[in-house]
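The residues making up each chain are set out below.
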Amino acid sequence: MANSEYEYVKREFEYDRHLPPSNWIVVRIDGCHFHRFSKIHAFEKPNDENALNLMNDCATAMLEKFPDIVFAYGVSDEYSFVFREETQFYHRRESKILSLCVSYFTSVYVMKWKDFFPNKELKEPPYFDARAVCYPNLKTIRDYLAWRQVDCHINNQYNTCFWMLVKSGKSEQEAQLALKGTFAKDKNELLAQQFQIKYDDEPAMFRKGSSVYREKVETTVKTDDYGNPIKRPRLKVTVAHIDIIGPEFWENHQHILREGKFMLEFVKKIGIGHMLPPCNWIVIRINACQFDQ
Ligand code: GTP
Ligand code: MG
């Protein structure tokens, strides 16, 4: 296309920030004015299971849509999406990554609303803000996720106490005052003594938030000549409410935050390394399984 006299407005004024290479990219989205949004849609307090499951479904759709998202963690009206360290998604252009994530998430939220709230009209358009932060190594990305989960724990413990006190007849101000200066241990005691609630028995989704990642599951890929299912491990997007602060989850899921050299590792793992000579283009042809079904 020929350049017009106006073309300079792009050349001189448009800038693209490219996020630095070899960093994990986290996109964190957060509901705008969800205090109001949850109120006008009468969400359960402090946790609305349907609203949280809707957020989780949106996050699952994100992992299914964008293969470079390796992990997501969500709580309340926020979700963090971790892009793999070496991603070349839109050449790591920040504006593209942010806008695609936040718009896709929001569209899915609106589309799926009726699945989770069949008897509630969506009264206002939900909208989310987003930011991108880069983490240079495994320690910092793990610490980031731990920070969000600690926050989930602190807020949920407080909110559980607060709303139990309010539901039992205290005003919001009285409840706030009753909890002022209390530690985690005090809050657990308050729940146990006044309301016979053992905090650890509260639903794991409320206490731990939601983690979304690809998990190997045995999947029937075809049947043999006798009609017996033939199963193979396949990666499936999974939602779990587990501890991601300690090492156990990460030790058992090392494929999620694998650093660098992804292709080489993959090739080695599936045992075709000896067949692929170096410095060659590699073509992977995929062929649909059971497409007639
Ligand atoms: P901005 O993000 O700054 O626009 O403000 P916000 O109103 O979205 O508040 P913030 O993100 O700090 O916190 C999220 C708010 O959403 C909470 O304070 C709650 O009021 C509301 N919220 C999120 N999840 C639930 C839920 O499951 N039940 C209820 N009742 N409210 C929720
Ligand atoms: Mg918010």
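Residues numbered from 1 in each chain as written. Chains lettered and ligands numbered in written order. Predicted model: local features only at pLDDT ≥ 70, side-chain atom pairs only at ≥ 80, totals over all residues. Heavy atoms only, no water.

*Asks:* Help me out: how do you make sense of the coordination of the magnesium ion (ligand 2) in this one?
*Replies:* Expected angles at a metal are 109.5 degrees for tetrahedral coordination by four donors and either 90 or 180 degrees for octahedral coordination by six donors. Coordination of the magnesium ion (ligand 2) by the protein comes from Asp 30 (OD), Gly 31 (O) and Asp 77 (OD), over a distance range of 2.1 Å. For the magnesium ion (ligand 2), the six donor atoms in the first shell make angles of 81 to 174 degrees at the metal, so the coordination geometry reads as octahedral. Summarised as a motif, the one-chain spacing of the donors to the magnesium ion (ligand 2) is D-G-x45-D. Since its relative accessible area comes to 7%, Gly 31 is described here as buried. (Donors = N, O, S within 2.8 Å, 3.2 Å for Na, K, Ca; no water. Tetrahedral: all angles 85-135°; square planar, octahedral: opposite > 155°, others 65-115°. Buried < 20%, exposed > 50% of the residue type's maximum accessible area, 1.4 Å probe, protein only.)

*Asks:* For this particular structure, what's the right way to read the site of ligand 1?
*Replies:* In the neighbourhood of ligand 1, 15 residues make up the surrounding shell, with Asp 30, His 33, Phe 34, His 35 and Asp 48 lying closest. Here an oxygen atom of ligand 1 and a side-chain polar atom of Asp 30 are 2.8 Å apart. At a separation of 3.2 Å, a nitrogen atom of ligand 1 approaches a polar backbone atom of Pro 46. Here ligand 1, which alone exposes 640 Å², has 66% of that area covered by the protein. A total of three residues in the shell around ligand 1 trace back to one element, the largest contributor, which is helix 2 (residues 34–40). (Near = heavy atom within 4 Å. Polar contact = N/O pair within 3.5 Å; in protein donor to acceptor, adjacent residues only side chain to side chain. Areas by Shrake-Rupley, 256 points an atom, 1.4 Å probe, with all protein chains shown as cover. Helix = DSSP H or I, 4+ residues; strand = E, 2+ residues; numbered from the N terminus.)

*Asks:* Looking at this structure, how should I read a nonpolar patch on the surface?
*Replies:* Judged by side-chain polarity, Tyr 8, Val 9 and Phe 13 come together as a nonpolar surface patch covering roughly 300 Å² of accessible area. Mapping Val 9 onto the fold places it in helix 1 (residues 8–13). (Patch = residues over 30% accessible without salt bridge, like charges linked within 9 Å, V, L, I, M, F, W, Y side chains within 5 Å. Salt bridge = Lys/Arg side-chain N within 4 Å of Asp/Glu carboxyl O.)

*Asks:* Explain the pattern of salt bridges here, please?
*Replies:* Here the idea is simple: oppositely charged side chains can pair when their charged atoms come close. This model, assessed by the stated rule, comprises eleven salt bridges. For the salt bridge of Asp 68 with Arg 84, the shortest nitrogen-to-oxygen distance reads 3.3 Å. Here Asp 68 is found in the loop between helix 3 (49–65) and strand 2 (69–75), whereas its partner Arg 84 is found in the loop between strand 3 (78–83) and helix 4 (94–116), with 16 residues between them in sequence. Classification of Arg 84 by relative accessible area gives partly exposed; the value is 27%. Put simply, Glu 7, Arg 11 and Glu 12 are held in one network by salt bridges that share partners.

*Asks:* What's the story with the UniProt feature "binding site: Mg(2+) 2" (unreviewed entry) in the chain in this structure? I'm lost.
*Replies:* In the numbering used here, UniProt assigns the "binding site: Mg(2+) 2" (unreviewed entry) feature to Asp 30 and Asp 77. Sequence-wise these annotated residues cover 48 residues; spatially they are packed, their C-alpha atoms never more than 5.6 Å apart. Looking at Asp 30, the relative accessible area reads 23%, which means it is partly exposed. In this view, Asp 30 contacts Asp 77, Glu 78, Tyr 127, Phe 128 and Asp 129; residues no more than four positions away in its chain are not counted. (UniProt positions renumbered as here; feature names shortened; annotations may be inferred. Contact = heavy atoms within 4.5 Å.)

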